[in-house]
Amino acid sequence: MTRQSQSLKLHPDRLFSSDPAVVSIARELYNEIKDLPIVSPHGHTDPKWFNENPHFGNATELFIKPDHYVFRMLYSQGIDLTTLGIPEHGLEGDMARSKSVDPKKAWQIFADNYYLFAGTPSGYWLDAVFSDVFGFTEKLNSDNAQDYYDKITAELATDAYKPHALMDRFNIELIATTEGALDSLEHHRGMAGTNMAKRVITTFRPDDVVDASREDFIDNVAKLGELTEQDTTTWQGYLDAIRIRREYFKKEGRATATDHGHPSAITADLSLSECEALFEKCRTGHANEQEQELFRGQMLTELAGMSIEDGLVMQIHPGAHRNHNQPIFNQFGRDKGADIPSQTEYVNALKPLLSKYGNHPKLKIILFTLDETTYSRELAPLAGHYPSLKLGPAWWFHDSPAGMLRFRQQTTETAGFYNTVGFNDDTRAFLSIPARHDVARRVDCRYLAELVANHQISIESAHELAYQLTYGLVKKAYNL
Amino acid sequence: MTRQSQSLKLHPDRLFSSDPAVVSIARELYNEIKDLPIVSPHGHTDPKWFNENPHFGNATELFIKPDHYVFRMLYSQGIDLTTLGIPEHGLEGDMARSKSVDPKKAWQIFADNYYLFAGTPSGYWLDAVFSDVFGFTEKLNSDNAQDYYDKITAELATDAYKPHALMDRFNIELIATTEGALDSLEHHRGMAGTNMAKRVITTFRPDDVVDASREDFIDNVAKLGELTEQDTTTWQGYLDAIRIRREYFKKEGRATATDHGHPSAITADLSLSECEALFEKCRTGHANEQEQELFRGQMLTELAGMSIEDGLVMQIHPGAHRNHNQPIFNQFGRDKGADIPSQTEYVNALKPLLSKYGNHPKLKIILFTLDETTYSRELAPLAGHYPSLKLGPAWWFHDSPAGMLRFRQQTTETAGFYNTVGFNDDTRAFLSIPARHDVARRVDCRYLAELVANHQISIESAHELAYQLTYGLVKKAYNL
Amino acid sequence: MTRQSQSLKLHPDRLFSSDPAVVSIARELYNEIKDLPIVSPHGHTDPKWFNENPHFGNATELFIKPDHYVFRMLYSQGIDLTTLGIPEHGLEGDMARSKSVDPKKAWQIFADNYYLFAGTPSGYWLDAVFSDVFGFTEKLNSDNAQDYYDKITAELATDAYKPHALMDRFNIELIATTEGALDSLEHHRGMAGTNMAKRVITTFRPDDVVDASREDFIDNVAKLGELTEQDTTTWQGYLDAIRIRREYFKKEGRATATDHGHPSAITADLSLSECEALFEKCRTGHANEQEQELFRGQMLTELAGMSIEDGLVMQIHPGAHRNHNQPIFNQFGRDKGADIPSQTEYVNALKPLLSKYGNHPKLKIILFTLDETTYSRELAPLAGHYPSLKLGPAWWFHDSPAGMLRFRQQTTETAGFYNTVGFNDDTRAFLSIPARHDVARRVDCRYLAELVANHQISIESAHELAYQLTYGLVKKAYNL
């Protein structure tokens with residue numbers, strides 16, 4: 001469908017609400033914090049970019065293929081993923097190439113359907129990147145699709161669009177990547193001694209050696225043993241091996257945090273003999289689903305204990321039903337836009353961990369959710385009491401203007417602002433990072449402006465809070 | 001309680017918010033779409049009206065007795081249903097007549113308590129009907145109750161208030177009724193060849209032959225066999241009989257859709273032998289509650305398969321706890337305002353069906369909910385991925401200004417606009433249809449206006465979206 | 001952390017929104033109702049205050065030690081409760097005194113961290129008390145902490161700050177305290193014949209003799225028998241004893257209501273022999289958790305039956321996971337900010353009670369929730385149908401500007417206004433009572449003003465509703 005041409009011009013007051021009283025306060029607050037450096041303590045960019053500073057590829061490679069927000073929307077409207085160049089699972093080499101699509105054709109499909117993103121955060125981020133990073137002044141449409149493609153692809157070939165140049169242009173003070181427990185941290189080690197080392201750090205994400213429901217769990221535990229020279233056939237050896245990897249991530253990757261992406265927030269506090277027996281079942285492939293869940297739960301408690309030992313901040317991201325679409329998983333593999341949130345319970349789930357460690361002054365746990373009903377009911381009350389708990393920002397599907405506003409509206413009155421930790425972009429889409437942080441800054445300023453305009457907080461408090469929400473709290477929460 | 005007289009005058013900017021910036025954009029959008037024809041793809045009007053074009057009865061018959069929104073509110077304030085003329089279950093003929101109440105007295109009770117509806121959608125719809133359809137200029141109250149009654153009843157006796165005249169006056173392009181699987185479609189057949197046939201269609205709702213928890217299920221399955229000349233004592237014969245009825249509904253009732261009102265969204269994908277055994281248990285009255293649930297779940301999957309075969313769009317309306325008030329059910333029967341929503345889970349519930357058919361290009365499923373927590377958590381993510389899934393509009397208790405706004409606010413950022421299907425009035429209250437569609441149009445224009453005023457979408461996109469939400473998407477979604 | 005000085009001046013239009021159209025209507029409505037007397041039908045003030053009219057203690061005793069909203073926030077930021085003077089459990093006499101802290105030091109910690117309360121209802125209430133009750137014009141901070149302490153403590157020593165004087169100053173027409181079933185009502189009896197007797201009443205809260213999971217349940221049931229001279233080793237004797245205590249609370253404490261703080265909303269309707277057997281198990285300490293839950297559920301139904309007999313209004317406050325933090329409970333005891341809401345189900349839970357008594361014209365049940373998801377999904381539909389059910393106001397964590405607004409936004413369209421019961425302050429913080437009622441009045445006026453500005457209700461209706469929400473409904477609902 002060809003649609004009329006629209007100009008692309010980001011309004012300076014965007015997302016500040018339509019109320020002039022709120023807009024003027026929001027603008028005042030925003031102007032004070034908009035140029036603060038970006039601190040990105042949780043995300044999924046590729047460390048190779050920062051170590052090797054390569055050119056990015058073409059427009060399709062950059063904007064469509066890696067962005068599950070983009071192709072999930074296209075797929076929902078009946079567009080075959082293969083026409084977008086999404087590689088099929090298990091196809092390698094010649095076979096993958098023979099099925100590869102012309103990236104210009106994929107881009108045209110994207111442009112033809114760009115109207116689908118109206119009102120979505122993806123649409124907002126993409127417009128911002130097209131406008132601010134590439135200087136387009138007409139919105140992407142069917143007619144200008146190839147011009148867009150050519151201009152983007154040409155720019156990407158210049159030095160100004162290489163990762164290091166963009167790090168400076170985007171004013172990124174620090175960015176954390178995320179690596180599995182067995183990762184060599186090759187690229188993080190490669191940056192050692194360079195200027196990048198101060199700006200790029202890793203995060204320890206041990207799901208691969210903790211989640212016994214994974215097909216590769218048994219292998220991974222064996223590899224963990226080899227890497228660390230520990231006997232990971234025993235519970236104690238396994239725990240020690242994880243400790244060694246945490247130290248490795250701190251030393252070689254400058255990690256300050258861990259991350260845990262479990263299906264639920266279940267934790268457990270079993271006796272030593274129960275732990276040993278459960279680990280043995282998991283390690284030998286004899287654990288059923290419930291036992292695998294219990295093991296993940298026990299490991300969250302163990303990992304919290306390790307955080308007290310070594311000071312790594314713990315992030316818990318529960319509640320995604322991964323790979324819900326079985327045929328899509330079979331054909332294309334993981335991360336194809338088919339992860340669906342599900343109800344998540346925290347109050348009972350976290351009790352074992354919290355009873356054991358929740359009052360420890362050295363523990364910091366940052367909680368995330370995909371279930372917004374828990375904001376006011378469970379998470380704000382928990383974070384408004386336990387000294388170890390802080391609330392991560394609106395996550396994933398809720399990392400959007402209305403989603404972020406709901407987060408503040410539903411957590412602030414019980415948890416306050418100081419039990420939150422600033423913004424996470426959580427993205428692999430490097431070029432969208434400034435736009436994502438900008439949305440968060442704008443929405444926070446709008447929320448604060450509403451409180452000021454409603455005479456709930458003073459303008460002086462709002463200024464201080466705008467700084468804290470943008471820069472102060474994230475540095476403190478992640479020990480940066 | 002007698003209250004002061006209030007004028008009844010619908011403000012032209014009603015529901016457009018109080019913010020002048022939003023109001024002016026909303027008004028611009030609304031003016032473009034307010035006169036588009038009404039397409040009503042899901043509702044419960046009586047096909048007899050369209051076939052026989054009778055006069056409606058008196059004011060009480062029209063506005064109180066069939067409207068469970070109205071008498072549930074009155075009942076909640078201690079007003080006995082019998083005083084409103086609600087007929088008791090099982091009372092027929094002389095006995096019912098002897099208990100019948102003077103409709104003027106029932107109307108007076110309604111008028112005396114009309115203040116209870118302040119801020120409710122019923123109050124809004126009723127005011128709109130009284131003002132726009134009957135021309136009243138004073139709000140209904142105790143003093144003018146009998147004038148209201150007399151004027152309405154007199155108007156209803158005129159030709160201008162017969163169904164065909166109102167269809168034209170209301171600019172209804174198309175309306176779908178809903179009939180059970182065993183219905184003869186007498187009235188839909190009666191319209192064949194007339195002008196009405198193009199404007200009135202049925203919907204196939206087979207709950208009566210699918211829900212084995214119903215007292216009449218066994219009888220219904222037997223009747224299904226007789227009607228279709230199939231052996232419905234076998235699983236295959238039963239399925240074939242349903243297929244035959246679907247064809248009948250398409251041919252004789254011009255159906256384009258089916259509807260399924262199950263207690264939950266559970267689906268199943270059992271083996272053939274499991275299906276046969278489960279059906280046998282259900283058919284012979286030996287299934288327990290869990291098996292009845294499993295059978296409904298299996299049938300949703302079977303019916304999705306049939307939709308792929310015959311192209312009927314599938315509507316799923318789960319989550320009502322029907323007839324919660326046992327004494328009221330015993331005395332008055334079904335649909336007496338005692339249906340209460342309950343928590344509804346979709347992610348796991350729909351997985352069996354979606355794994356089997358969710359990626360099929362010929363399947364269209366429209367999902368509804370009474371559990372608003374699922375908007376952002378489950379439904380928008382599902383519809384924003386699966387090509388077969390679309391989101392039905394805010395339903396029943398949520399078909400209200402704030403309810404519709406929450407629907408848009410909580411689904412748009414993840415599912416976009418194009419995975420939604422326009423408005424359903426879902427009503428048996430024929431005279432309120434224009435008011436209901438008007439509320440939806442106003443709320444959608446307001447939502448779009450807020451996005452424009454907040455610089456999130458362009459005014460050009462807003463115009464196109466206003467058209468799509470009012471007219472384009474419903475025609476496409478329901479194959480009209 | 002020392003922060004800049006801020007003036008403390010409550011804006012006359014606070015909480016009326018930032019929209020000038022809404023503000024001007026809200027102000028008009030508020031001006032009509034702001035001086036109506038306070039009716040406080042549910043709370044936790046100490047009846048001794050009203051009977052003996054003592055001086056309150058120092059600032060720390062008044063504002064920090066009894067207020068779990070205050071110290072939960074401080075504790076969440078790592079401040080040790082003992083430094084705030086929170087007494088440890090089980091420490092009495094010398095030992096408690098030896099661990100007691102200087103109240104001025106505790107006050108300084110509170111002042112140093114007062115910025116944490118920005119945007120929270122506690123911050124709002126405290127500011128209002130400091131400004132309106134004590135006349136401070138600078139916001140509490142590190143520098144003025146001791147001035148605050150000294151001035152408050154000095155004022156508290158004057159007659160103008162004794163309970164009776166404050167009752168008049170605050171224009172409290174009536175306040176209800178809450179006492180356990182075994183309470184002697186010494187102070188309520190003490191007020192008999194005085195002016196206070198008309199203004200201070202008790203509420204019958206029998207959790208101590210109904211909740212068999214309490215450590216003191218068995219003792220309590222025995223004491224109940226002694227007090228009433230009934231044989232509480234039998235089911236019938238136990239029920240009769242409760243009946244006798246209810247009469248005692250009506251006669252000696254002028255009670256018009258009961259209150260029930262159960263973990264869930266479960267009710268039951270067992271046969272007599274089942275009841276007898278279950279009671280026997282509970283009474284002898286042999287009931288497991290499920291049986292204890294069932295017993296509480298059966299008792300809610302029994303108590304509803306007694307309400308029909310004696311006319312006491314029933315309040316149900318379900319859904320708190322009490323004392324979630326085990327180490328804090330062990331060290332400090334109950335009510336230390338570690339109660340966390342959890343998911344609460346009403347539709348199935350209440351069915352046994354409602355099937356038995358829900359249509360009885362003499363029964364009034366006021367339902368509360370900590371799970372906001374139930375507002376639109378369960379509670380508004382239930383209260384919008386059952387004549388016995390009314391909705392209590394936004395409770396506890398949700399007794400806040402945004403929380404109250406969500407309550408209205410999510411219940412009004414289905415339940416209307418007249419199935420709600422006005423405001424409860426639910427507090428033991430006597431000095432904050434005017435501020436709490438004022439927040440409720442302001443938020444209700446704002447909500448009504450939005451409906452008027454959006455042309456959903458008339459200004460005449462809004463005036464009447466403002467009166468009802470402030471004064472009319474509470475008097476009616478609680479039989480005052």
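Going by what an unreviewed UniProt entry lists, chain A is known as Uronate isomerase and is assigned to Pseudoalteromonas lipolytica. Here chain A is described in UniProt, under the heading Sequence similarities (unreviewed entry), as follows: "Belongs to the metallo-dependent hydrolases superfamily. Uronate isomerase family." The annotation that UniProt attaches to chain A under Pathway (unreviewed entry) is "Carbohydrate metabolism; pentose and glucuronate interconversion."

Enquirer: What is the right way to look at the overall build of chain A in this model?
Expert: For chain A, the count of helices and strands is 21 helices and 11 strands. Radius of gyration (C-alpha) of chain A: 23 Å, near the 23 Å computed for a compact globule of 480 residues. Along the three orthogonal principal directions, the C-alpha set of chain A runs to about 70 × 65 × 45 Å. In chain A, buried positions account for 65% of the 480 residues. Long-range pairs, those at least 24 residues apart, make up 77% of the contacts in chain A between residues at least 6 apart in sequence. Entry remark: accessible area of chain A is about 16600 Å², with carbon and sulfur atoms responsible for 49%.

Enquirer: Just checking my understanding: could you explain the sheet that holds strand β4 (residues 200-201) of chain C for this structure?
Expert: Taken together, three strands build an open sheet; the order of strands is β1-β2-β4 (chain C) and the sheet is parallel. In this open sheet, the two edge strands, each paired with only one partner strand, are β1 (38-40) and β4 of chain C.

Enquirer: Can you walk me through unusual backbone geometry in this structure?
Expert: Notably, N171 of chain A is not glycine yet its phi reads approximately 60°, a positive angle. Topologically, N171 of chain A is positioned in the loop between α9 (163-169) and β2 (172-176). Judged by relative accessible area, which is 35%, N171 of chain A ranks as partly exposed. A positive phi is found at N323 of chain C, a non-glycine position, where the angle reads about 50°. Here N323 of chain C lies in the loop between β8 (320-321) and α16 (326-332). Given a relative accessible area of 15%, N323 of chain C falls into the buried group.

Enquirer: Is there a simple way to explain the interface of chain B and chain C in this structure?
Expert: By a widely used convention, the size of an interface equals the accessible area lost when the partners come together. On the chain C side, the residues contacting the 49 residues of chain B number 44 residues. Buried surface at the junction of chain B and chain C, summed over both partners, amounts to about 3700 Å²; 50% is from carbon and sulfur atoms. Here chain B and chain C share one salt bridge between them. Here D371 of chain B makes a salt bridge to R377 of chain C, at a shortest N to O gap of 3.1 Å. On the surface where chain B and chain C come into contact, there are 29 residue pairs in polar contact (both at pLDDT 80 or more). Of all elements in the fold, only α4 (68-76), α16 (326-332), β9 (340-341) and α19 (401-415) of chain B reach the threshold of two or more residues within the side of chain B that touches chain C.

Enquirer: Hey, could you run me through the relation of the copies chain B and chain C in this one?
Expert: The operation relating the two chain copies consists of a rotation about an axis and a shift along that axis. With an RMSD of 0.0 Å, chain B superimposes on chain C once it is rotated by 120° and translated 0.0 Å along the axis. On this basis, the relationship between the two copies can be described by a three-fold rotation axis. Interface overlap between copies: only 6% of the residues of chain B at the interface are likewise at the interface in chain C, consistent with a contact formed by different surfaces.

Enquirer: Got a minute to help me understand the sheet that holds β2 of chain A in this structure?
Expert: Note on sheets: strands pair through backbone hydrogen bonds, and any given pair is parallel or antiparallel. Residues and elements named next belong to chain A. Spatially, β1-β2-β4 is the arrangement adopted by the three strands of the open sheet, whose pairing is parallel. At either margin of the open sheet sits one strand with a lone partner, and together these are β1 (38-40) and β4 (200-201). Relative to β2, β1 is paired through three bridges, and the arrangement is parallel. Counted as the bridge partner of V39 is L174 from β2.

Enquirer: Looking at this structure, how should I read the domain arrangement of chain A?
Expert: Residue and element names in this part refer to chain A. For chain A, the domain assignment lists domain 1 (20-53 + 162-477) and domain 2 (55-160). Using C-alpha coordinates to define each centre, domain 1 is positioned 28 Å away from domain 2. Contact with domain 1, which involves 33 residues of that partner, is made by 27 residues of domain 2. For the domain 1 and domain 2 pair, buried surface summed over both sides reaches about 2600 Å², with 66% attributable to carbon and sulfur atoms.

Enquirer: I'm lost on the nonpolar core in this one. Help?
Expert: When a protein is soluble and globular, its nonpolar side chains tend to lie buried together. W107, F110, F130, F430 and L431 of chain A together with Y238 of chain B are the most contacted members of the largest nonpolar core, which has 164 residues in total. Apart from residues lying up to four places away in sequence, Y238 of chain B is in contact with V209, V210, V221, L224, D231, T232, F279, F295 and M299 of chain B.

Enquirer: Before we go on, may I ask you to explain a negative patch on the surface in this structure?
Expert: A cluster of acidic residues, D46, E52, D183 and E186 of chain B, forms a negative patch on the protein surface. Within the element layout of this structure, D46 of chain B appears in the loop between β1 (38-40) and α2 (47-52).

Enquirer: When you look at the packing of aromatic side chains in this model, what are you seeing that I'm missing?
Expert: Overall, the coordinates contain 111 aromatic pairs over all chains when judged by the stated rule. Between W49 of chain A and F430 of chain A the ring centres are 6.1 Å apart and the planes differ by 50°, which places this aromatic pair in the tilted class. In this pair, W49 of chain A sits in helix α2 (residues 47-52) while F430 of chain A sits in the loop between α19 (401-415) and α20 (433-453), placing the two residues 381 residues apart along the sequence. Like W49 of chain A, the residue F430 of chain A is buried in the burial classification. Looking at K151 of chain B, its charged tip hangs above the ring of F136 of chain B, at a distance of 5.1 Å from the centre. We note R442 of chain C situated over the ring of Y30 of chain C; from NZ or CZ to the ring centre the distance is 4.3 Å.

Enquirer: What should I look at first to understand the interface of chain A and chain B in this one?
Expert: Contact with chain A, which involves 49 residues of that partner, is made by 44 residues of chain B. Where chain A meets chain B, there are one salt bridge. Where chain A touches chain B, the interface holds 29 residue pairs in polar contact (both at pLDDT 80 or more). Elements with a contribution of two residues or more to the side of chain A that touches chain B: α4 (68-76), α16 (326-332), β9 (340-341) and α19 of chain A. Split into classes, the residues belonging to the side of chain A that touches chain B amount to 17 nonpolar, 22 polar and 10 charged.

Enquirer: Explain the packing of helix α18 (residues 374-383) of chain A against α19 of chain A here, please?
Expert: Helix-helix packing is characterised by the crossing angle of the two axes and by the distance between the axes. Residue and element names in this part refer to chain A. One way to put it is that α18 packs onto α19 with a least axis distance of 8 Å and a crossing angle of 40°. On the basis of their axis angle, the class for α18 and α19 is oblique. Crossing geometry of α18 relative to α19 is assigned as right-handed. Between α18 and α19, the residues in contact are Y375, S376, A380 and P381 and R406, F407, Q410, T411, T414 and A415, respectively. The residue makeup of the contact of α18 with α19, split by class, is five nonpolar, four polar and one charged.

Enquirer: How should the relation of the copies chain A and chain B be read in this particular structure?
Expert: Screw-axis analysis of chain A against chain B gives a translation of 0.0 Å along the axis, an RMSD of 0.0 Å, and a rotation angle of 120°. Each copy contacts the other with its own distinct surface, as only 6% of the interface residues of chain A are interface residues in chain B too.

Enquirer: Would you take a moment to explain the pattern of salt bridges for this structure?
Expert: Close approach of charged atoms allows side chains with opposite charge to pair. What the rule picks out here adds up to 84 salt bridges over all chains. Where E173 of chain A meets K475 of chain A, a salt bridge forms, and the shortest distance between an N and an O atom there is 2.5 Å. Separated by 302 residues along the polypeptide, E173 of chain A in strand β2 and K475 of chain A in helix α21 (residues 459-477) bring together distant segments of the chain. For E291 of chain B, the salt bridge is made with K281 of chain B, and the minimal N-O distance between the two is 2.6 Å. In this pair, E291 of chain B sits in helix α15 (residues 289-310) while K281 of chain B sits in helix α14 (residues 272-283), placing the two residues 10 residues apart along the sequence. Salt bridges linked by common partners bring R14, D438 and R442 of chain A together as one network.

Enquirer: What should I look at first to understand the pairing of strand β2 (residues 172-176) of chain B in this one?
Expert: All names here are of chain B. Summarising burial for β2: four of the five residues are buried, a large majority. With two bridges connecting them, β2 and strand β4 (residues 200-201) associate as parallel partners. Of the residues in β4, the one forming a bridge with A176 is I201.

Enquirer: Explain α19 of chain A here, please?
Expert: Since the α-helix advances by 3.6 residues per turn, residues separated by three or four positions end up pointing in the same direction. Residue and element names in this part refer to chain A. For α19, built from 15 residues, the straight-helix expectation of 21 Å at 1.5 Å per residue is met to within 8% by its first-to-last C-alpha distance of 20 Å. Of all the 15 residues making up α19, 13 are buried; the element is thus mostly covered by neighbouring parts of the structure. Count one or two residues on from α19 and you reach G416, which has phi positive near 70°.

Enquirer: Could you clarify how one ought to interpret the side chain of D259 of chain C in this entry?
Expert: Residue and element names in this part refer to chain C. Structurally, D259 is set in strand β6 (residues 257-260). When its relative accessible area of 0% is taken as the criterion, D259 is described as buried. In this structure the side chain of D259 is engaged in a polar contact, spanning 2.6 Å, whose partner is the side chain of H317. Not counting the four nearest positions on each side in its chain, D259 is found in contact with H42, T203, F204, R205, P206, D207, Q315 and H317.

Basis of the calculations
- Residues numbered from 1 in each chain as written.
- Chains lettered and ligands numbered in written order.
- Predicted model: local features only at pLDDT ≥ 70, side-chain atom pairs only at ≥ 80, totals over all residues.
- Heavy atoms only, no water.
- UniProt positions renumbered as here; feature names shortened; annotations may be inferred.
- Helix = DSSP H or I, 4+ residues; strand = E, 2+ residues; numbered from the N terminus.
- Rg over C-alpha atoms; globule rule 2.2 N^0.38 Å.
- Buried < 20%, exposed > 50% of the residue type's maximum accessible area, 1.4 Å probe, protein only.
- Contact = heavy atoms within 4.5 Å.
- Areas by Shrake-Rupley, 256 points an atom, 1.4 Å probe, with all protein chains shown as cover.
- Pairing = 2+ DSSP bridges.
- Buried area = accessible area lost by both parts, 1.4 Å probe.
- Salt bridge = Lys/Arg side-chain N within 4 Å of Asp/Glu carboxyl O.
- Polar contact = N/O pair within 3.5 Å; in protein donor to acceptor, adjacent residues only side chain to side chain.
- Least-squares fit on C-alpha atoms with pLDDT ≥ 70 in both.
- Domains from an automatic or database assignment.
- Core = buried A, V, L, I, M, F, W, Y, C linked by side-chain atoms within 4.5 Å.
- Patch = residues over 30% accessible without salt bridge, like charges linked within 9 Å, V, L, I, M, F, W, Y side chains within 5 Å.
- Lys, Arg positive; Asp, Glu negative; His and termini not counted.
- Charge placed at Lys NZ, Arg CZ, Asp CG, Glu CD.
- Phe/Tyr/Trp six-rings, centres within 6.5 Å; stacked < 30°, edge-to-face > 60°.
- Lys NZ or Arg CZ within 6 Å of the ring centre and 35° of its normal.
- Nonpolar A, V, L, I, M, F, W, Y, C, P; charged D, E, K, R; others polar.
- Axes fitted to C-alpha atoms, helices over the stretch in contact; angles between N-to-C directions.
- Parallel < 35°, antiparallel > 145°, perpendicular 65-115°, else oblique.
- Left-handed = near helix turned anticlockwise from the far one by under 90°.
- Expected span 1.5 Å × (residues − 1).

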